[in-house]
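Here's the letter readout for the chains.
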Amino acid sequence: MKFCLTVYTEENTVNFLESIKQRAKAAGKTIVLPETDDMRTLKAADMILREEIAKIILIGSKDETLAKADGLDLTKAIFIDPANYSEMESLTAKLADLRKEKGMTLEDAAALLKNDSLYLGCMLVKEGIADGMVAGAVNSTANVMRASLQILKTAPGVKLVSSFFVMVVPDCAYGENGVFLFSDSGLVQNPNAEELSAIAQSAAQSFKKLVQAEPKVAMLSHSTKGSAKHPDVDKVIEATRLAKEAAPDLLLDGEFQLDAAIVPEIGKQKAPDSPIAGYANVLIFPDLDAGNIGYKLVERLAKAEAYGPITQGIAKPVNDLSRGCTAEDIVGVTAITAVQATND
Ligand SMILES: CC(C)(COP(=O)(O)OP(=O)(O)OC[C@H]1O[C@@H](n2cnc3c(N)ncnc32)[C@H](O)[C@@H]1OP(=O)(O)O)[C@@H](O)C(=O)NCCC(=O)NCCS
Ligand SMILES: CC(=O)OP(=O)(O)O
């Protein structure tokens, strides 16, 4: 089922999220939330189950979790307790086999699955017991991503896993009526030109899948079309060239300063020959410092909704959260994860 998202009103937050939730509901996917000790996660599970956005697996003891979840309805959650889960032995053998070249023994795998719910969650996704995982309310991004990268690996034909945020900016006419994709704001620390080009191409696909509109991709820099000279600028120019070569049909251009990328009048002034200057809805940051600082600025100062970091290029969807997230953020990222798990 497809929902048209090309028209946003000033209530674009509601439109984006509601559309994603409807698509998630129709998909009927199962998502594992491994951070069961976190109250925001339990509140999110309650909301997700009540709204029937996805089926939920919680990792941990059912009795202990229900005792903590006073006032919440988690009766429809599936509990997987590492202390008595029937598949533990088989998952242990599979994990040890997967990581044997890295020196992992059966004992190591058993200890990891028993003590680290991120690894157990990723194995549930790997084995198809869950369709995706959402974590990071408690764990750092590096820990969430390391577990998923080690177990799930990249999708076929993809060399690099990276991440993005869907930013829904209130009262904003820029981008897709205030909806943007920012990448990479969470994972790849210092991409070279080739990696930056890969990030841009993945981000365009992610935008198409989630926002269901035509991506217009801006390669961001502190320079617009040669206005500044520096090796950092050269990197973005080369990444732009590589991305255009690899995906000639993509509406992608650069290098742009942020204003030239999203403000039509400034785009026209600084880059008059560009087909997308001033109209970009996918913003590719030159490195993780810029991307992470950029999304937090827009989230905190413009009061934007920030969904992510969402992973792209991974074999199956595992998504991270900021440790500063709310229960509502977890609901949104879970819905996005369920949509990512679909084939449409
Ligand atoms: C995610 C992160 C931990 C990976 O770091 P790392 O040091 O490469 O981790 P590891 O060496 O343990 O790598 C784990 C595996 O993932 C692979 N991998 C790492 N990054 C990858 C990427 N971007 N794409 C695909 N595979 C990747 C490695 O090759 C390795 O595979 P292997 O163990 O099968 O050989 C690192 O990129 C990171 O810390 N990023 C920043 C996260 C962060 O703090 N963000 C800010 C807040 S959002
Ligand atoms: C995405 C991000 O910045 O995560 P955290 O705030 O948890 O570091």
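Computed from a predicted structure; not experimentally measured.

Undergrad: For the overall build of the protein, give the residues involved together with the corresponding values.
TA: In terms of helices and strands, the protein carries 14 helices and 11 strands. Taking 20 Å as the expected radius of gyration for a compact globule of 344 residues, we find that the protein reaches 20 Å, a close match to that expectation. Per-residue burial over the protein gives 54% buried out of 344 residues. Accessible surface, the protein as shown: approximately 15,300 Å² in total, 50% of it carbon and sulfur. Taking the average place of the 36 positive charges on the side chains of the protein and the average place of its 47 negative ones, the gap between the two points comes to 2 Å.

Undergrad: Summarise helix H4 (residues 88–98); cite the residues concerned and give the values.
TA: Because each turn of an α-helix spans 3.6 residues, side chains separated by three or four positions end up pointing in the same direction. Among the residues of H4, Met88, Leu91, Thr92, Leu95 and Ala96 are the ones counted as buried. When H4 is viewed along its axis, its buried side chains cluster within an angular range of 135 degrees and face the same direction. Its buried side turned inward, H4 meets helix H5 (106–115), helix H6 (117–126) and helix H7 (141–151).

Undergrad: Account for the site of ligand 2, naming residues and giving values.
TA: Taken together, Thr141, Phe165, Asn292, Tyr295, Lys296, Pro309, Ser322 and Arg323 make up the full set of residues adjacent to ligand 2. In this structure, an oxygen atom belonging to ligand 2 sits 3.1 Å away from a side-chain N or O atom of asparagine 292. Contact between ligand 2 and arginine 323: an oxygen atom at 2.8 Å from a side-chain N or O atom of the residue. In isolation ligand 2 has 260 Å² of accessible area, and contact with the protein removes 85% of it. No other element matches helix H13 (residues 288–301), which puts 3 residues into the shell around ligand 2. Across the shell around ligand 2, the residue classes break down as 3 nonpolar, 3 polar and 2 charged.

Undergrad: Describe the confidence of the model for the protein, with residues and values.
TA: Mean pLDDT over the protein stands at 94; residues scoring 70 or higher make up 96%. Residue range residues 1–10 is modelled with pLDDT below 50. Its contacts to residues more than four positions away, or to other chains, number 27 contacts. Scoring the predicted complex yields pTM 0.91 and, for the interface, ipTM 0.94.

Undergrad: Summarise the UniProt feature "domain: Phosphate acetyl/butaryl transferase" (unreviewed entry) in the protein; cite the residues concerned and give the values.
TA: According to UniProt, the positions carrying the feature "domain: Phosphate acetyl/butaryl transferase" (unreviewed entry) are residues 16–338. Between the first and last C-alpha atoms of residues 16–338 the distance is 15 Å; the span itself is 46% helix and 16% strand.

Undergrad: Mind laying out the layout of surface pockets, listing which residues take part and the relevant values?
TA: The gaps of empty space that remain are located by a probe, the size of a water molecule, rolled over the atoms. Roughly 860 Å³ of internal volume is contained in the largest pocket. For the largest pocket, the lining is made up of 30 residues, of which Val158, Ser202, Gln205, Gln312 and Gly313 are closest to its centre. Listing elements by their share of the lining of the largest pocket, those giving two or more residues are helix H9 (193–211), helix H10 (231–246) and strand E10 (305–312). At 10 residues, H9 tops the list of elements feeding residues into the lining of the largest pocket. Its residues assigned to classes, the lining of the largest pocket shows 11 nonpolar, 13 polar and 6 charged.

Undergrad: Describe the side chain of threonine 36, with residues and values.
TA: With respect to the secondary-structure elements, threonine 36 resides in the loop between strand E1 (30–33) and helix H2 (39–50). Relative accessible area serves as the criterion here: at 4%, threonine 36 is assigned to the buried category. Of note is the side chain of threonine 36, whose polar atom sits 2.7 Å from the backbone oxygen of isoleucine 59. In contact with threonine 36, not counting residues within four places along its chain, are Leu42, Leu58, Ile59, Thr65 and Lys68.

About the cut-offs
- Along each chain, residue indices are assigned from 1 in the same order as the chain's sequence is written.
- Throughout, the order in which chains and ligands are written sets their labels, letters from A for the former and numbers from 1 for the latter.
- In view of the model being predicted, local features appear only for residues whose pLDDT reaches at least 70, and side-chain atom pairs are presented and counted only at 80 or more, with totals across whole chains, interfaces and linings using the full set of residues.
- The side-chain values count all of the structure's non-hydrogen atoms but skip hydrogen atoms and water molecules.
- Only DSSP runs of H or I reaching four residues or more are called helices, and only runs of E reaching two or more are called strands; each is numbered from the N terminus.
- Radius of gyration here is computed from C-alpha atoms only, and the compact-globule reference equals 2.2 Å multiplied by the residue count raised to the power 0.38.
- The buried label goes to any residue with under 20% of its type's maximum accessible area, the exposed label to any with over 50%, and the partly exposed label to all in between, with areas taken from a 1.4 Å probe on protein chains only.
- Using a 1.4 Å probe, the Shrake-Rupley method yields the accessible areas, and only the shown protein chains count as cover for residues.
- Lys and Arg are tallied as positive, Asp and Glu as negative. Neither His nor the chain termini are counted.
- Charge placement uses NZ in Lys and CZ in Arg. For Asp and Glu, CG and CD serve respectively.
- Read the arc as the range of directions from the helix axis to the C-beta atoms.
- Here, two residues are considered to be in contact whenever any of their heavy atoms come within 4.5 Å of each other.
- Throughout this document, a residue counts as near a molecule or strand when at least one of its heavy atoms sits within 4 Å of that molecule or strand.
- Pairing of N or O atoms within 3.5 Å defines a polar contact, subject to two protein rules: one partner must be a possible hydrogen donor and the other a possible acceptor, and residues neighboring in sequence count only if both atoms are side-chain atoms.
- By the convention adopted, Pro, Cys, Tyr, Trp, Phe, Met, Ile, Leu, Val and Ala count as nonpolar, Lys, Arg, Asp and Glu as charged, and the other residues, Gly among them, as polar.
- pLDDT is defined as a per-residue confidence score from the predictor, taking values between 0 and 100.
- UniProt positions are given in the numbering used here, feature names are shortened, and annotations may be inferred rather than shown by experiment.
- Here a cavity denotes a set of grid points, spaced 1 Å apart and computed over the protein atoms alone, in which a 1.4 Å probe fits but from which it cannot get out, and a pocket denotes an open set meeting protein on both sides within 12 Å along at least five of seven lines; residues with an atom within 4 Å of a point are reported as lining.
- Grid points are joined across faces, edges and corners, and a volume is the space filled by probe spheres set on the points.

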